[in-house]
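Listed below, chain by chain, are the residues.
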Amino acid sequence: MEYNFKELGILGALMLLIGKVYHKKEEQQNIQNDLLVQNLIESNKALTEKFDLIIQELRISNSEFTKSNIAHNAKLLEEIRENKEAVKELTKIIENKLMKKE
């Protein structure tokens, strides 16, 4: 094919224009990608902070539950000791009555 300089100039200008449009679209896509990445980073930071707060609240709750559980267990242990002493006394009374019968 034979082209004259005018046609080549128009063809070159058209190719340059297409290149500029493509480059502009690529720049816009890069900007959108950068914004998306920035939003993801901020979302991840916010989620991390929320998870840290939840973990802290769970630790406090667990600590309070543990303290309550320890106190409850101590109370039950004291009741067991009292019942053990009562059983010992009853056993002595029963043994004494049995000895008196013999």
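None of these values were measured; they are calculated from a predicted model.

Trainee: Which residues make up the overall build of the chain, and what values go with them?
Mentor: A tally of regular secondary structure across the chain gives one helix and zero strands. Relative to the 2.2 N^0.38 estimate, which gives 13 Å for 102 residues, the radius of gyration of the chain is 43 Å and therefore markedly larger than a compact globule would have. In terms of its C-alpha atoms, the chain occupies a principal-axis envelope of roughly 140 × 25 × 5 Å. Across the 102 residues of the chain, 0% fall into the buried class.

Trainee: For a nonpolar patch on the surface, give the residues involved together with the corresponding values.
Mentor: On the surface, Leu8, Leu11, Leu14, Met15, Leu17, Ile18 and Val21 cluster together into a nonpolar patch covering about 660 Å² of accessible area. Accessibility expressed as a relative area gives 46% for valine 21, which makes it partly exposed.

Trainee: Report on the pattern of salt bridges, specifying residues and quantitative values.
Mentor: Tallying each qualifying case throughout the model produces two salt bridges. Salt-bridge contacts for arginine 81 lead to glutamate 78; the nearest nitrogen and oxygen are separated by 4.0 Å. With a gap of three residues between them, arginine 81 and glutamate 78 both fall in helix α1 (residues 5-101), about one helical turn apart. A salt bridge links lysine 88 to glutamate 85; the nearest nitrogen and oxygen atoms lie 3.9 Å apart. Residue lysine 88 and its partner glutamate 85 are both found in helix α1; the two are separated by three residues, about one turn of the helix.

Trainee: Any details on the environment of leucine 8? Residues and values, ideally.
Mentor: For leucine 8, the location among the structural elements is in helix α1. Sequence spacing of leucine 8 and serine 63 is 55 residues, and the spatial spacing of their C-alpha atoms is 81 Å.

Trainee: Can you explain the environment of asparagine 44? Please cite residues and give values.
Mentor: Among the structural elements, asparagine 44 can be located in helix α1. Separated by 14 residues in the primary sequence, asparagine 44 and asparagine 30 place their C-alpha atoms 21 Å from one another.

What counts and how
- Residues numbered from 1 in each chain as written.
- Predicted model: local features only at pLDDT ≥ 70, side-chain atom pairs only at ≥ 80, totals over all residues.
- Heavy atoms only, no water.
- Helix = DSSP H or I, 4+ residues; strand = E, 2+ residues; numbered from the N terminus.
- Rg over C-alpha atoms; globule rule 2.2 N^0.38 Å.
- Buried < 20%, exposed > 50% of the residue type's maximum accessible area, 1.4 Å probe, protein only.
- Patch = residues over 30% accessible without salt bridge, like charges linked within 9 Å, V, L, I, M, F, W, Y side chains within 5 Å.
- Areas by Shrake-Rupley, 256 points an atom, 1.4 Å probe, with all protein chains shown as cover.
- Salt bridge = Lys/Arg side-chain N within 4 Å of Asp/Glu carboxyl O.

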